[in-house]
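Fold and geometry: a report
This is what each chain is made of:
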Amino acid sequence: MATRTRLARLWPLSKPSALPLIRPYHSYDHPPPPGPFNPTESSILEAAIPHIPTHGFTHTTLSIGASDAGYIAASTNLFPNGAFSLVHYHLYTQRLALAKHQHIISPPPREGEKPIGIGGKVKALTWERLMGNKEIIHRWQEALALIAQPSHLPTAISELSSLSDEIWFLSGDTSVDTSWYTKRASLSAIYAATELFMTTDKSPNFDDTRDFLDRRFKDVQIVGGTMGSVTQWAGFTATAALNVLRSKGVRI
Amino acid sequence: MVFRSIVRPLLRASKPQYLPARSPRCFSKSARLTESPSQPSNHERTTHFGFETVPEAEKEARVAGVFSNVAASYDTMNDFMSLGIHRLWKDHFVRSLNPGSSSSPNSPGWKMLDIAGGTGDIAFRLLDHATNINNSPSSTITISDINPAMLAEGKKRSLATSYANSPRLSFLVANAEELETIESNSIDLYTVAFGIRNFTNKEKALREAFRVLKPGGVFACLEFSGVTNPLFDAVYKRWSFSAIPLIGQLVAGDRASYQYLVESIEKFPKQEEFRDMIKDAGFMVPGKGWEDLTGGIAAIHKGVKPIEKP
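As annotated in an unreviewed UniProt entry, chain B is 2-methoxy-6-polyprenyl-1,4-benzoquinol methylase, mitochondrial from Hyaloscypha variabilis. As recorded by UniProt, the Catalytic activity (unreviewed entry) comment attached to chain B reads in full: "a 2-methoxy-6-(all-trans-polyprenyl)benzene-1,4-diol + S-adenosyl-L-methionine = a 5-methoxy-2-methyl-3-(all-trans-polyprenyl)benzene-1,4-diol + S-adenosyl-L-homocysteine + H(+)". The Function (unreviewed entry) field of the UniProt record for chain B holds the comment "Methyltransferase required for the conversion of 2-polyprenyl-6-methoxy-1,4-benzoquinol (DDMQH2) to 2-polyprenyl-3-methyl-6-methoxy-1,4-benzoquinol (DMQH2)."

With an unreviewed UniProt entry as reference, chain A is termed Ubiquinone biosynthesis protein, source organism Hyaloscypha variabilis. In its Pathway (unreviewed entry) section, UniProt records this for chain A: "Cofactor biosynthesis; ubiquinone biosynthesis." The record in UniProt for chain A states the following under Subcellular location (unreviewed entry): "Mitochondrion".

Another point: unusual backbone geometry. Positioned with a positive phi, A:N205 is a non-glycine residue whose angle comes to about 55 degrees. Note on A:N205: 10 C-beta atoms within 10 Å, which makes it exposed. At B:T294, a position not held by glycine, the phi torsion is positive, near 45 degrees. Positionally, B:T294 belongs in the loop between β8 (290-293) and β9 (298-304).

Here we take up the interface of chain A and chain B. Taken together, the contacts link 17 residues of chain A with 20 residues of chain B. By residue number, the principal contributor to the side of chain A that touches chain B is helix α3 (residues 59-68) of chain A, which donates five residues. Taken together, the residues of the side of chain A that touches chain B sort by class into eight nonpolar, nine polar and no charged.

Residues and elements named next belong to chain A. Across the interface, helix α8 (residues 153-170) lies against helix α9 (residues 179-198) with an axial gap of 9 Å and an inter-helix angle of 115 degrees. Relative to α9, α8 is oriented roughly perpendicular. With respect to the hand of their crossing, α8 and α9 are arranged in right-handed fashion. Contact with α8, carried on its side by L160, S161, L163, S164, D165, I167 and W168, involves K183, R184, L187, S188, Y191 and A192 of α9 and no other residues of that element. Per-class residue counts for the contact of α8 with α9 are seven nonpolar, three polar and three charged.

The next thing to look at is α3(A). Residue and element names in this part refer to chain A. The buried fraction of α3 amounts to eight of the 10 residues, a majority that puts the element mostly inside the structure. On the buried face of α3, the contacting elements are α1 (39-48), α2 (52-55) and α4 (84-97). Trailing α3 by a residue or two, G70 shows a phi angle of about 95 degrees, which is positive.

On to the pairing of strand β2 (residues 52-55) of chain B. All names here are of chain B. Sheet analysis places strand β1 (residues 46-49) next to β2, joined by four bridges and oriented antiparallel. By the bridge assignment, T46 is partnered in β2 with P55. Counting the residues that bridge the hairpin from β1 to β2 gives two residues, and of these G50 lies at a positive phi of roughly 65 degrees.

In this structure, A:L86, B:L126, B:L189, B:Y190, B:F219 and B:A220 are the most contacted members of the largest nonpolar core, which totals 105 residues. Of all the elements, strand β7 (residues 213-224) of chain B adds the most residues to this core, at seven residues. A domain split of this core shows at least three residues from each of domain 1 (34-80) and domain 2 (91-106 + 115-247) of chain A. B:L126 has contacts with B:V94, B:P99, B:M112, B:D114 and B:I141, leaving out every residue within four places of it along the chain.

Quick look at the UniProt feature "binding site: S-adenosyl-L-methionine" (unreviewed entry) in chain B now. Residues and elements named next belong to chain B. Listed under "binding site: S-adenosyl-L-methionine" (unreviewed entry) in the UniProt record, and renumbered for this structure, are T119, D145, N175 and A176. Structurally, T119 is set in the loop between β3 (111-115) and α6 (121-133). A residue is classified by how many C-beta atoms lie within 10 Å of it, and T119, with 23 of them, is buried. If sequence neighbours within four positions are ignored, T119 has contacts with Y74, D75, M150, E153, G154 and R157. Mapped onto the elements of the fold, D145 is located in strand β4 (residues 140-145). Exposure remark for D145: the 27 C-beta atoms within 10 Å place this residue in the buried category.

The rules behind each value
- Residues numbered from 1 in each chain as written.
- Chains lettered and ligands numbered in written order.
- Predicted model: local features only at pLDDT ≥ 70, side-chain atom pairs only at ≥ 80, totals over all residues.
- UniProt positions renumbered as here; feature names shortened; annotations may be inferred.
- Buried ≥ 20, exposed ≤ 12 C-beta atoms within 10 Å, placed from the backbone.
- Helix = DSSP H or I, 4+ residues; strand = E, 2+ residues; numbered from the N terminus.
- Contact = placed C-beta atoms within 7 Å.
- Nonpolar A, V, L, I, M, F, W, Y, C, P; charged D, E, K, R; others polar.
- Axes fitted to C-alpha atoms, helices over the stretch in contact; angles between N-to-C directions.
- Parallel < 35°, antiparallel > 145°, perpendicular 65-115°, else oblique.
- Left-handed = near helix turned anticlockwise from the far one by under 90°.
- Pairing = 2+ DSSP bridges.
- Core = buried A, V, L, I, M, F, W, Y, C linked by C-beta atoms within 7 Å.
- Domains from an automatic or database assignment.

Quick look at the structure:
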């Protein structure tokens, strides 16, 4: 009787095909998954990035990048999404570059100074990310046009959510309740709005953008505070109403 | 009832098993011989010709027979069979390749090779795109086909284009598995549209493509593939196995060739498998490696030849 009992599988054995390109959490124990670009693609895109201020987010920039990296113009066929690959690469590399700002993430403790809180770190990192667009901000509207195309929108949105997750994570946020979601959603909204504002900002050192960003963070604090108060009031009222009904003999 | 009595013979004609024994499917007789108990000697390498198994040495001649038969009515038939969609596929294929694009205004242009390009419809599109969109009048193309009848059709058609007798367009009768006349590392773009299915040895043809391409050059293939949606697949199978041989009989007067066509489509490796064949030949594939057209009836496969690291 060599019949082996077989455990019912809840899902079919999946083929060990490709590694997942994104991991929805940060891990200290495992190396990060490979990014969306292989080494060849990265080398072409990396060579193309310096040409964006002159040639914009276009196929020409890709071709120049390919020839700078030792490839030929035909090799741009490596990028099925064409110029959007440049946008994606910019979003991806700028997001990863945030982890380099160690003076914000873990500042050296100073005598007689209060250490910077999570909120302050979030603000500082968001500003650093916006400054990552400094060189190409006059071309960013081209990128936004590409992002808005329906076939590219999912990638762009997931990059935005990864960005806000990255900022909160690097700032040391450890929330495990619904605020995990609201924090990320509100930061995404603030970032997207400020980035759009920045495309038309002509002030020196982007001072207007800075003010705009500060106002948006204040708005969120006010809205968040109000939301908290409303929730508290609604909870209290509901409990009180329940107790009144119970005191009248209603069985609930 | 009247309708039925008209339609039934047509439907019946569309099913292969109702074919009279003396049908023009001259190939099937010899195939039956090869499939009979007295099998061909085992050491003879075989390949498939539609659903039949034939010795490798024989496939080339048979494919030649098919395309010699259909050369003249080739495009009319394509229009009927695909309801005109093949033109959209070809346009999309060429647009996605963006031939003639360059990083500097005075680049030498692209050197392209259109394999199995007989009637030239891909080649003329490639040249049009390079000239009109990317302003690259120096891009050139070689149309290669194993079948002189198909190539003659292409030459005839080229006379109606602006590339007639120009140095930008050349013709070459050659087997895609042995392109001796073409130098290694000399081609920017290698295209094969609805052709690789008929090759006797696809791996060898892919290796040959890898050889002739410049480092960084692109292999691009437009070919029938597997429909991904099972419901649509059922409808499509009905269409291809019943209607296409029938249309072939009515329009081109040649049922056997179109029976072969649908069988060879069915036999051709599906998307993932063909992608892996391209990878095995040494190419890098962009993204997942292919793009489905019309739910996977056709697919565009691409591969880029890597540059040697200095």
